[in-house]
Amino acid sequence: MKKKLFLALLIFCLPCICFACGRSTVDMIKDNLSEVTKTYYFAEGEDFYCVLSSGQREIEYLMDGQSGEVTDFGLLNVGFYEVRTDKVIKANVSIGRQTFEKELELNTLNNLYMTDLEVFYDINEDIVVEVDGKSVILQKLSSDFQVDYEEALEIASKELKEEIVSKKHFNTLNAECYLRILDKKANNFDEFFWCFTVLNNDNESFSVIISTQDGSILAKS
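So, here's what we can say about the structure. Nothing here was measured: the structure is a model prediction, and the numbers come from that model.

**Topic: unusual backbone geometry**
Of note in the backbone geometry, Asn 111 takes a positive phi value of approximately 60 degrees without being a glycine. Summarising the element assignment, Asn 111 is placed in the loop between strand 5 (98–107) and strand 6 (112–116). Asn 111 gets classed as exposed once you look at its relative accessible area, which sits at 54%. Despite not being glycine, Asn 203 has its phi angle at roughly 70 degrees, a positive value. Residue classification places Asn 203 among the exposed residues on the basis of a relative accessible area of 62%.

**Here's the deal with a negative patch on the surface**
On the surface, a cluster of negative charge is contributed by Asp 27, Asp 148, Glu 150, Glu 151 and Glu 154. Looking at the negative patch element by element, the count peaks at three residues for helix 3 (residues 149–159). Mapped onto the secondary structure, Glu 150 falls in helix 3.

**A closer look at the pattern of salt bridges**
Evaluation of the coordinates by the stated rule reveals eight salt bridges. A salt bridge links Asp 47 to Lys 134; the shortest N-O distance between them is 2.5 Å. Taken together, the positions of Asp 47 in the loop between strand 1 (33–44) and strand 2 (48–58) and Lys 134 in strand 8 (residues 134–140) put the pair 87 residues apart, joining distant regions of the chain. On the basis of relative accessibility, which here comes to 34%, the residue Lys 134 falls in the partly exposed class. For the salt bridge of Asp 132 with Arg 84, the shortest nitrogen-to-oxygen distance reads 2.9 Å. Of the two residues, Asp 132 sits in the loop between strand 7 (127–131) and strand 8 while Arg 84 sits in the loop between strand 3 (70–80) and strand 4 (88–95), which places them 48 residues apart along the sequence. You can call Asp 132 exposed: its relative accessible area is 58%. One connected set of salt bridges, linked through shared partners, spans Glu 46, Asp 47 and Lys 134.

The rules we used
Residues numbered from 1 in each chain as written. Predicted model: local features only at pLDDT ≥ 70, side-chain atom pairs only at ≥ 80, totals over all residues. Heavy atoms only, no water. Helix = DSSP H or I, 4+ residues; strand = E, 2+ residues; numbered from the N terminus. Buried < 20%, exposed > 50% of the residue type's maximum accessible area, 1.4 Å probe, protein only. Patch = residues over 30% accessible without salt bridge, like charges linked within 9 Å, V, L, I, M, F, W, Y side chains within 5 Å. Areas by Shrake-Rupley, 256 points an atom, 1.4 Å probe, with all protein chains shown as cover. Salt bridge = Lys/Arg side-chain N within 4 Å of Asp/Glu carboxyl O. Lys, Arg positive; Asp, Glu negative; His and termini not counted. Charge placed at Lys NZ, Arg CZ, Asp CG, Glu CD.

Just distances and angles here, no functional claims.
What follows is the structure, encoded as structure tokens:
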């Protein structure tokens, strides 16, 4: 009787086991993304530069090793070439036929003024940002990337497979993942790079920097 029961349970569980084994590393990453940048817009002006990065990220944005429910974001950053002391600035934003005013707050960690437009932008229309009477037109640079966000996730999943799999528990990843674009102005780079990070629930993190042009690994930590 026990032998028959064991065989019955084995037959019942076998499809579930096979299905779980079929999940790839990149599948686990996608299920545990706390932030993913999909589109990237950039412009340089006389007095400032402007970045709009857009995608999805956690509603409760906590770097705690666990991914939560996500929502659309459109993070608008303005960086001045000369140091400003204002804690808040105002910007007029025009996207297609829509024009609105937004307040951007100073982030003292990187000296950029920022606000979340709370929308996912994937458009080819002009995005115009005006500050202090001077405006810039943002270009969708992510359209020129030879490696898009999905390819970047694939590359990162292979490069950090050992670190990611080590935190797998019953086919669930005990970690959260982030994919962002490194701002070339803020980081003094000549070009843009993907930055993928895995943060485990024990506060251990691993990162890779990936070229947006050829997918090569430029740094790993």
